[in-house]
Amino acid sequence: MNSQRTMHNAKLFLILVLSVIIGGQFSLVSAQNDGSQQNQTGRAGTFAIVGARIVTVSGATIENGTIVIQNGKIAAIGANVSVPAGAEKIDGKGMSVYPGMIDAGTNMGLAEITLAVNGSVDLTEVGTMNANTKAIKGINPHSAHINVTRVNGITSVLSAPAGGLMAGQAAIINLNGSTPDEMAVVREYALVINFPRIATGGGFGGGGFGGGAQPVDFNEAVKRRDTQVEELKKIFKSTTTYMRAKDAYAKDKTLPYPATDQKLEAFEPFMKGEKPIIFTAERERDIRGVAKFVSEMKVKGIIMGGQEAWKAADDLKKNNIPVIYTNVYSLPVRDDDDYDYLFTAPSKMAAAGLKFCISTGDTGPMVRDLPYHAGIAGAFGLSKEDALKSVTLYSAEILGLADKMGSLDVGKVANVVVADGDLLEARTNIKYMFINGRMIPLTSRHTELFDSFKDRK
Amino acid sequence: MKKITAYFVLLILLVGSFSVVVSAQSNNDVLIKNASVLTAARGTLENTDILIQNGKITRIGKGITAPAGARVIDATGKFVTPGIIDAHSHSMLDAINEGSFSVTSMVRTRDMLNPTDIEIYRALAGGVTGALLLHGSANSIGGQSTTVKFKWGHPVEDYPIADAPPGIKFAMGENVRQTTFSPPPGTPLRYPRTRQGVIETMRDAFIRARDYKQAWDDFKSGKTKVQPRTDLELKPIVEILEGKRLVHAHGYRADEHLNLMLLADEFGFRVATLQHGLETYKIAPEIAKRGTGASIFTDFWGFKLESYDAIPYTAYILWKNGVNVSINSDDGGRMRRLNLDAAKVQKYGGVPEQDALQMITLNPAKQLGIDKRTGSIEVGKDGDVVIWNAHPFSVYSRVDTTIIEGVTYFDRAVDAKMRMDVAKERETLEKLDINKAPGTGGGPPSRPAERRRGDRDDADNGDGGNN
Amino acid sequence: MLGLVAICLLYGTEAQGQSYAITNAKIVTVSGATIDKGTIVIRNGLIDAVGANLTPPADAQVFDATGLTVYPGFIDTLTSLGLPSAPVRPQGPGGGGGGAAAAAAAAALQPASNSNYPAGLRPEDAAFNEVRAGESQFEAVRNAGITTVLTIGRTGIFNGQSTVINLAGDSVSGMVVKPQFAEHISFATLPGQYPVSLMGTFSALRQMFYDAQRLQDMQKAYAANPKGMRRPDADRSLEALFPAINRQMPVVFNANTEIEIVRALDLIKEFKLNGVIAGGQESWKVADRLKAQDVAVLLSLNFPKRTTASSPEADPESMQTLRLRADTPKGAGKLAAAGVKFAFQSGGATAVGDYFTNAGKAVEGGLNRDAAIRAMTLGAAEILGVSDRTGSIETGKIANLAIVKGDLFGKEKFVPQIIVDGKVFEQKEAPKPTSGRPDSGGQGGTPPNAGSANVGGMYSINIDVPGSPISGTLNFTQAGSALTGTMITQAGTAPIRDGRVTATGFSFAATVPYGGASLEITVQGSVSGNQVSGTIDTPQGAVPFSGTKNP
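Computed from a prediction, not measured in an experiment: that's the story for all the values here.

The rules we used
Residues numbered from 1 in each chain as written. Chains lettered and ligands numbered in written order. Predicted model: local features only at pLDDT ≥ 70, side-chain atom pairs only at ≥ 80, totals over all residues. Heavy atoms only, no water. Helix = DSSP H or I, 4+ residues; strand = E, 2+ residues; numbered from the N terminus. Contact = heavy atoms within 4.5 Å. Areas by Shrake-Rupley, 256 points an atom, 1.4 Å probe, with all protein chains shown as cover. Phe/Tyr/Trp six-rings, centres within 6.5 Å; stacked < 30°, edge-to-face > 60°. Buried < 20%, exposed > 50% of the residue type's maximum accessible area, 1.4 Å probe, protein only. Domains from an automatic or database assignment. Buried area = accessible area lost by both parts, 1.4 Å probe. Salt bridge = Lys/Arg side-chain N within 4 Å of Asp/Glu carboxyl O. Axes fitted to C-alpha atoms, helices over the stretch in contact; angles between N-to-C directions. Parallel < 35°, antiparallel > 145°, perpendicular 65-115°, else oblique. Nonpolar A, V, L, I, M, F, W, Y, C, P; charged D, E, K, R; others polar. 1 Å grid on protein atoms, 1.4 Å probe; cavity = no way out; pocket = protein on both sides within 12 Å on 5 of 7 lines; lining within 4 Å. Points joined across faces, edges and corners; volume = space filled by probe spheres on them. Pairing = 2+ DSSP bridges. Core = buried A, V, L, I, M, F, W, Y, C linked by side-chain atoms within 4.5 Å. Polar contact = N/O pair within 3.5 Å; in protein donor to acceptor, adjacent residues only side chain to side chain.

A look at the overall build of chain C
A count of helices and strands for chain C gives 14 helices and 28 strands. Long-range contacts, defined as pairs at least 24 residues apart, comprise 61% of the intrachain contacts of chain C with a sequence gap of at least 6. Just so you have it, chain C exposes about 19800 Å², and 51% of that area is on carbon and sulfur atoms.

See the structure below:
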């Protein structure tokens with residue numbers, strides 16, 4: 001009797017434990033498998049949006065024009081463009097056509113539910129040196145975030161891994177496709193390095209919790225940063241050594257065969273400056289540290305974060321380092337900072353002649369707010385034109401895609417959105433959208449849940 | 001008091017940039033001229049003046065003449081809304097959770113107000129004039145809330161709205177159950193760990209409170225002789241049962257909010273607000289029937305499992321069902337853009353403009369029981385207004401001036417002036433010997449003070465005594 | 001820095017009947033006019049006579065104090081002198097971390113108790129029961145001219161009841177000037193149990209005050225007529241609060257920032273306490289309220305000072321920090337101008353010399369010089385309730401005297417003789433220093449602890465992240481003062497870096513994945529018994545943690 005009860009309890013306990021551990025994942029899977037949002041990749045065709053205001057971004061806005069989408073590309077744009085035979089005509093009256101927006105700083109598809117649903121999170125690999133891990137191998141093409149994001153006019157994103165010193169390689173994807181390959185724009189675009197920073201704990205990022213943060217001794221923090229930078233440089237050194245050994249072996253097969261190190265091998269193109277490295281850095285001193293590092297190591301650098309990039313504009317410009325600014329929504333970190341410190345940073349970057357774009361920096365769910373990040377920067381000193389460019393053409397430029405997207409130009413990929421107003425306004429609705437020339441259904445997990453419940457009595 | 005004086009000095013220094021006639025600031029009378037006034041009650045009034053006297057709105061109309069001593073603000077081309085009210089905030093709290101017990105109704109956020117929190121000023125710069133400061137969501141029944149106006153620069157006792165009904169935080173779901181993480185082996189688990197346990201914890205508290213009230217009733221009627229203990233935990237729960245204290249209930253899943261409302265039915269009270277309530281769209285009729293409010297995010301979602309079913313159409317569905325909806329921030333960052341969160345409500349479902357605006361003004365005022373005094377621009381209400389350079393639902397809009405009871409607490413021009421003044425003050429302060437780094441002049445390097453073992457490193461702030 | 005190595009000699013008035021006379025001295029009586037050249041006669045530990053034209057008694061041992069000034073023995077109104085262990089002070093606003101650390105230490109320090117209340121909430125703890133005699137531990141402080149101190153531990157929410165002692169004597173019973181002065185309260189928290197937050201601390205205090213009031217009423221009723229009434233509890237902890245709620249005993253709140261002081265004033269008002277503020281760094285900002293509520297301040301002379309070197313990469317210091325340093329020395333003058341009663345205290349952690357030099361800075365900051373001296377003598381005695389016996393140079397008062405050479409507030413000040421309860425201590429000026437050793441500041445009695453704490457093992461911790469407390473595990477391997485291991489939370493496992501073991505705890509850094517990004521954190525903690533507590537500094541701010549060692 002007793003032992004039976006014990007058995008029973010043990011079983012019950014096991015079930016309880018299991019349900020706690022895997023409960024999250026179960027409901028997640030079921031959430032992903034229900035509804036029609038699976039594989040909503042839209043349809044190909046020839047489309048002509050007629051009589052619309054066409055905001056090309058790269059050139060003048062056409063107040064009443066036509067844009068033709070064919071074979072996945074923008075085939076024609078202009079005030080007097082003829083609609084090809086067989087094209088599906090869309091009345092653009094009262095509408096504005098824009099290039100699809102690009103968020104250059106997300107973790108799209110890598111984390112469905114960040115908090116406490118670890119089974120859905122593929123953000124951070126173990127270890128500090130992960131040059132070989134690639135976001136494109138972790139991106140879930142069926143993440144609910146994707147449809148939710150694109151129906152707000154965002155057609156492409158950079159999706160980056162996070163954590164560690166060398167977090168891994170970021171991918172650029174279109175927000176459409178049934179497989180990572182279908183989505184990929186650039187599979188392995190840039191390596192993400194969380195640049196070592198002076199972390200005193202008490203200052204930057206302090207405040208907020210009301211406690212007296214006890215800062216680490218500053219000079220101690222500087223030393224710690226320097227040590228970490230040295231570690232980073234060591235990776236460069238070992239890669240150089242490794243490459244030399246390989247080259248030597250290639251020329252002289254009598255030499256011992258150098259064992260393959262896939263991490264160092266993966267790092268090679270970034271070290272050589274063939275591909276960019278995205279350095280996360282926020283404050284002036286750390287950003288200047290990146291600039292120094294970029295110059296010293298002769299790599300191609302991009303800043304992600306960039307709260308105080310405008311203060312280091314000289315160093316950044318000298319080293320051709322653009323900025324992916326992710327902080328419009330952030331609270332200024334010091335009490336003494338102006339209330340609009342992070343709202344005005346984009347306008348200050350523009351004034352300093354820095355190349356920058358605006359990003360949400362969001363994991364996934366709130367990437368759809370990208371236009372409002374840009375809009376708020378527009379309220380605080382950035383021109384409306386630059387605000388729009390900062391989420392379209394400027395992002396494309398920084399991602400090396402200005403020849404393919406970011407503006408409405410003939411020959412570019414047909415990532416196009418049609419809106420009933422200013423693209424950056426919160427009340428504007430997206431009426432049509434195209435990714436790679438495919439007309440995308442304006443549905444998402446959210447519209448589907450809405451439809452299910454809106455008439456419940 | 002110092003800050004406030006300094007502020008008025010600044011205001012007076014700056015009269016030029018206001019195109020203002022200031023004779024005396026003593027009465028705080030303000031006349032806002034020629035604005036587009038989004039009243040949040042009676043539509044939008046174009047080219048309209050608002051007169052605020054002794055802290056109250058006394059006239060709304062055209063061509064109002066400024067009484068003697070009133071400050072006049074020319075708001076031509078600008079927009080005026082009621083001050084935004086955030087029905088879910090933890091700003092200015094030095095502690096948010098008393099995470100020990102699952103019922104901590106004895107603790108009060110009022111004790112933790114810190115008027116030096118810079119978030120207050122930043123909220124004002126986003127047009128927020130009032131907020132419900134809530135205990136965190138660590139417990140089934142959390143602490144008592146405080147309804148405040150953000151009177152930056154004032155002493156702490158000026159913040160709470162004296163006639164606001166008292167409130168209390170309830171919470172359900174992942175945070176309360178403490179299941180978003182696995183405790184290390186050996187750590188005792190806190191009851192409750194399940195949603196059903198949370199409801200029973202609440203029920204238990206209500207039953208204890210009922211017994212407690214009985215004990216006092218018996219004593220008061222002379223049936224018992226020994227005065228019962230004053231129980232700070234149960235007193236506020238008795239107030240809930242008596243309808244004197246508002247329940248603001250954190251939760252995400254529809255079923256658990258429904259279960260709470262059923263529990264409230266059982267004990268005969270009305271839940272004031274369902275906080276977060278990101279699935280409230282699933283139970284809109286049940287909420288409407290009870291007259292319970294919902295205080296939600298417009299579109300924040302997907303940050304945890306229980307927010308995965310959230311949709312941005314929630315406000316619309318609730319509104320259509322006649323539920324009083326407010327949009328809150330729960331965050332010092334988001335608090336600064338509640339105007340855009342209200343704009344999004346229009347986008348997702350098509351709630352009319354005024355109804356959307358009410359979700360950040362009049363509706364939260366109603367939920368907090370302060371709508372008699374604030375939440376809309378109407379004669380007789382407090383002069384809590386915000387002047388915007390553009391339509392507040394536009395991303396390109398900015399707050400120019402935030403006024404509470406006729407007093408300006410944020411103004412872009414004053415802010416710009418303050419930056420210069422602070423820069424000058426910094427220059428002066430940095431030159432003082434006491435502020436010079438050791439070894440950079442200003443006397444011999446001072447040796448760090450002797451510290452006892454166990455003292456934490458206070459770095460630059462000295463130990464400052466015994467605390 | 002004056003290169004004085006203080007050598008203390010017991011000069012001795014061992015023969016109890018013999019008198020001692022200080023002649024030709026400038027006498028700052030504080031209670032009356034200063035005598036430019038006069039004599040003080042001491043007998044039986046008391047001031048027997050004082051005056052300009054006094055002839056020393058025939059039996060007197062005479063000290064010619066020509067060129068010297070005699071002050072009443074100085075009083076430090078808040079110390080932990082004579083208490084057995086170096087106390088850990090709770091930390092400032094927010095309380096959490098330091099408070100938890102303090103309470104953890106308290107739990108370990110305090111003897112087992114059968115109180116209904118946990119360590120940290122036991123107002124019955126009395127310094128009187130803990131203080132130890134032994135003159136050597138007071139030497140450094142006494143040599144500076146301080147003869148009398150208030151002493152109390154600083155752990156827990158209720159620090160307990162303080163005691164006023166003279167800094168000389170062979171036994172506690174002989175040293176004590178006033179066994180119980182006040183109940184002391186810190187806005188601290190308890191580790192791992194209610195109240196774990198500063199918010200809970202206020203509610204816990206309130207509930208105890210209410211319960212004490214009720215218990216007192218019931219005990220009175222029972223004493224009057226026990227028949228037919230259930231016997232009320234005999235609750236030591238609550239009973240210890242009776243004098244406080246009856247205003248027979250002051251209640252001292254450790255509070256430095258304006259908001260802390262305001263919170264203390266609110267509690268004082270709510271429970272009609274005879275309140276006192278200790279610390280009071282920003283008390284000048286609420287001088288009007290202090291005056292209106294008649295609340296005195298034990299004002300810390302531990303003024304904030306800059307200790308960090310400048311660095312080209314460092315942020316400018318915050319305005320708050322810059323202002324605090326500039327404003328603090330001016331506070332005393334402002335309190336005086338507002339009519340607030342205050343007395344000075346050393347602030348616990350400074351070099352004792354700062355007590356005098358910073359009082360001098362208060363004078364530079366606008367405080368009247370006489371008022372400054374008063375705040376170190378008679379004014380202090382008044383607040384401590386001992387002005388009928390000490391604090392001034394008057395016939396019949398305790399012979400507590402400091403004979404000072406040079407400017408009292410100057411760096412060259414020297415105290416050749418200190419007299420405590422009539423007992424004369426002499427120190428001689430040392431020859432000029434040969435080494436660059438700085439002054440002998442610092443308080444005696446707490447020998448430095450060499451070596452490192454023992455922190456290895458596994459700890460279960462709770463991290464008080466506002467809004468969503470999380471738990472985790474610390475896994476420590478200690479090798480001497482080096483620390484390695486991991487920190488495990490819901491976010492994952494992070495190896496610790498730069499781990500160090502200090503005398504009482506540890507520090508380390510780690511990179512923790514969090515919310516889709518990674519957080520650089522630094523952790524400082526202290527270990528006491530099986531309790532661990534401390535602070536995690538994140539880019540988003542500091543959060544306290546506490547926990548226990550897994551067996």
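As for the packing of aromatic side chains
Here the distance between the centres and the angle between the planes together describe a pair of aromatic rings. This model, assessed by the stated rule, comprises 41 aromatic pairs over all chains. With 6.3 Å between their ring centres and 75° between their planes, tyrosine 339 of chain A and phenylalanine 380 of chain A make a pair best called edge-to-face. Here the residue tyrosine 339 of chain A occupies a position in the loop between strand 12 (323–325) and helix 8 (341–351), and phenylalanine 380 of chain A occupies one in the loop between helix 9 (370–379) and helix 10 (384–389), the gap between them amounting to 41 residues. Residues tyrosine 339 of chain A and phenylalanine 380 of chain A agree in their burial class; the two are buried. Centroid distance tyrosine 313 of chain B to tyrosine 348 of chain B: 5.4 Å. Interplanar angle 80°. Geometry classified as edge-to-face. Note that tyrosine 313 of chain B is positioned in the loop between strand 12 (293–296) and helix 9 (314–320) and tyrosine 348 of chain B in the loop between helix 10 (338–347) and helix 11 (353–358), a separation of 35 residues in sequence.

Observations concerning the domain arrangement of chain C
Put simply, an interface is often sized by how much accessible area is lost when its parts join up. Residues and elements named next belong to chain C. Entries for chain C in the domain assignment read domain 1 (7–72 + 391–428), domain 2 (77–305 + 317–383) and domain 3 (457–549). Each partner contributes to the interface: domain 1 provides 27 residues, whereas domain 2 provides 28 residues. Around 2000 Å² of area is buried between domain 1 and domain 2 when both sides are counted, 64% of it from carbon and sulfur atoms. Put simply, domain 1 and domain 2 have 2 salt bridges between them. Between lysine 423 and aspartate 170 there is a salt bridge; the shortest N-O distance is 4.0 Å.

Quick notes on the packing of helix 5 (residues 195–220) of chain B against helix 6 (residues 234–241) of chain B
Residue and element names in this part refer to chain B. In contact at an axis separation of 9 Å, helix 5 and helix 6 are set at 90° when each is read in the N-to-C sense. When the axes of helix 5 and helix 6 are compared, the pair comes out roughly perpendicular. Contact residues: helix 5 offers Ala205, Phe206, Arg208, Ala209, Arg210, Tyr212 and Lys213, while helix 6 offers Leu234, Lys235, Ile237, Val238, Ile240 and Leu241. Taken together, the residues of the contact of helix 5 with helix 6 break down into 9 nonpolar, no polar and 4 charged.

What to know about empty space enclosed by the protein
Taken as a whole, this structure holds 7 cavities of 30 Å³ or more when the rule is applied. Taken as a whole, the largest cavity holds about 200 Å³ of empty space. Lining of the largest cavity is provided by 19 residues; of these, Phe343 and Phe380 of chain A together with Arg336, Asn339 and Ser397 of chain B occupy positions nearest its centre. Each residue belonging to the lining of the largest cavity can be placed in one class, and the counts come to 11 nonpolar, 4 polar and 4 charged.

Looking at the pairing of strand 9 (residues 184–194) of chain A
All names here are of chain A. Of the strand pairs in this sheet, strand 8 (residues 166–174) and strand 9 are connected by 6 bridges, and their pairing is antiparallel. Paired with methionine 166 across the two strands is isoleucine 193, which belongs to strand 9. Of the strand pairs in this sheet, strand 9 and strand 10 (residues 276–281) are connected by 4 bridges, and their pairing is parallel. Note on strand 10: the bridge partner recorded for isoleucine 193 is phenylalanine 279.

Details of unusual backbone geometry
Negative phi values dominate among residues other than glycine, just as trans dominates among peptide bonds. With an omega of 0°, the peptide bond between tyrosine 191 of chain B and proline 192 of chain B qualifies as cis. Position of proline 192 of chain B relative to the elements: it lies in the loop between helix 4 (174–177) and helix 5. Note the cis peptide between tyrosine 194 of chain C and proline 195 of chain C, where omega equals -5°. Along the polypeptide, proline 195 of chain C turns up in the loop between strand 12 (183–186) and helix 5 (198–224).

Here's the deal with the sheet that holds strand 6 (residues 84–89) of chain B
All names here are of chain B. Ordered by their spatial adjacency, 8 strands build an open sheet running 6-7-8-9-10-11-12-13, and the pairing between neighbours is mixed. Because the sheet does not close on itself, it has two edges, and the strands there are strand 6 and strand 13 (325–327). The mean angle between the axes of side-by-side strands here comes to 25°, regardless of whether they run parallel or antiparallel. Note that strand 12 and strand 13 share 3 bridges and pair parallel. Following the sheet pairing, isoleucine 296 is matched in strand 13 by isoleucine 327. With respect to the sheet, helix 5 is in contact with strand 8 (141–149) and strand 9 (167–171), its orientation differing from that of strand 9 by roughly 145°. Where helix 7 (residues 254–267) meets the sheet, its contacts fall on strand 9, strand 10 (246–251) and strand 11 (273–276), and the angle it forms with strand 10 comes to roughly 155°.

So, helix 9 of chain A
Burial analysis of helix 9 of chain A places 10 of its 10 residues in the buried class, which makes it a mostly covered element. Of the positions making up helix 9 of chain A, those classed as buried are Leu370, Pro371, Tyr372, His373, Ala374, Gly375, Ile376, Ala377, Gly378 and Ala379 of chain A. Turning to helix 9 of chain A, the residues buried within the fold contact strand 6 (101–106), strand 7 (154–159), helix 8, strand 13 (356–358) and helix 10 of chain A together with helix 10 of chain B.

Brief notes about the interface of chain A and chain B
Residue-level contacts link 61 residues of chain A with 58 residues of chain B. Summing both sides of the interface, chain A and chain B together bury roughly 5100 Å²; the carbon and sulfur share of this comes to 55%. Contact with chain B buries area across many residues of chain A, yet Tyr339, Arg427 and Arg456 of chain A alone supply 15% of it, more than any other trio. Across the chain A-chain B interface, the total number found is 10 salt bridges.

Concerning the nonpolar core
With 292 residues, the main nonpolar core has Phe267 of chain A, Phe150 and Phe170 of chain B together with Phe74, Phe253, Leu290 and Phe344 of chain C as its most contacted residues. Looking at this core element by element, the count peaks at 9 residues for helix 5 of chain C. Setting aside its immediate chain neighbours within four residues, phenylalanine 150 of chain B contacts Met92, Ile120, Ala123, Leu124, Val128, Thr129, Ala131, Tyr159, Met335, Ile404 and Tyr409 of chain B. By size, the runner-up hydrophobic cluster in this structure holds 25 residues, among which are Ile461, Leu483, Phe506 and Val523 of chain C.

So, the pattern of salt bridges
A complete count under the given rule lists 89 salt bridges over all chains for this structure. Between lysine 213 of chain B and aspartate 217 of chain B there is a salt bridge; the shortest N-O distance is 3.3 Å. Here the residue lysine 213 of chain B and the residue aspartate 217 of chain B both occupy positions in helix 5, the gap between them amounting to 4 residues, near one helical turn. When the shortest N-O distance is used, the salt bridge between arginine 289 of chain C and aspartate 266 of chain C registers 2.8 Å. Of this pair, arginine 289 of chain C sits in helix 9 (residues 287–292) while aspartate 266 of chain C sits in helix 8 (residues 258–270), and the two are 23 residues apart along the sequence. Using a relative accessible area of 19% as the deciding quantity, one classes arginine 289 of chain C as buried.

Description of the domain arrangement of chain A
All names here are of chain A. You can read the domains of chain A as domain 1 (33–99 + 407–457) and domain 2 (101–405). With 32 residues of domain 1 at the contact, the number on the domain 2 side is 32 residues. Carbon and sulfur atoms make up 61% of the area that domain 1 and domain 2 hide from each other, which totals about 2600 Å². Summed over the three residues of domain 1 that lose the most area to domain 2, namely Val57, Leu424 and Ile435, the buried surface amounts to 23% of that side. Taken together, the links from domain 1 to domain 2 amount to 0 salt bridges. Here domain 1 is connected to domain 2 by 9 residue pairs in polar contact (both at pLDDT 80 or more). Listing elements by their share of the side of domain 1 that touches domain 2, those giving two or more residues are strand 5 (96–99), strand 15 (430–435) and helix 12 (445–453). If you tally residues by element for the side of domain 1 that touches domain 2, the top one is strand 15, at 4 residues.

Considerations on the packing of helix 4 (residues 218–251) of chain A against helix 5 (residues 262–271) of chain A
All names here are of chain A. The geometry of helix 4 relative to helix 5 is characterised by a closest axis approach of 10 Å and an angle of 105° between their N-to-C directions. With respect to helix 5, the element helix 4 is oriented roughly perpendicular. Residue-level contacts link Ile235, Phe236, Ser238, Thr239, Thr240, Tyr242, Met243 and Lys246 of helix 4 to Leu264, Glu265, Phe267, Glu268 and Met271 of helix 5. Taken together, the residues that form the contact of helix 4 with helix 5 break down as 7 nonpolar, 3 polar and 3 charged.

Some remarks on the environment of glycine 305 of chain A
Residue and element names in this part refer to chain A. Relative to the helices and strands, glycine 305 is located in strand 11 (residues 300–305). A C-alpha to C-alpha distance of 6.2 Å links glycine 305 and isoleucine 324, two positions 19 residues apart in sequence. The residues contacting glycine 305, other than those within four sequence positions of it, are Ala281, Glu282, Ile324, Tyr325, Thr326 and Asn327.

Some words on the sheet that holds strand 6 of chain A
Residues and elements named next belong to chain A. With mixed pairing, 8 strands are arranged side by side in an open sheet as 6-7-8-9-10-11-12-13. On the outer flanks of this sheet lie strand 6 and strand 13, each paired with one strand and no other. Strand after strand, the sheet turns through a mean of 25° between neighbouring axes, direction not considered. Where helix 6 (residues 284–297) meets the sheet, its contacts fall on strand 10 and strand 11, and the angle it forms with strand 10 comes to roughly 155°.

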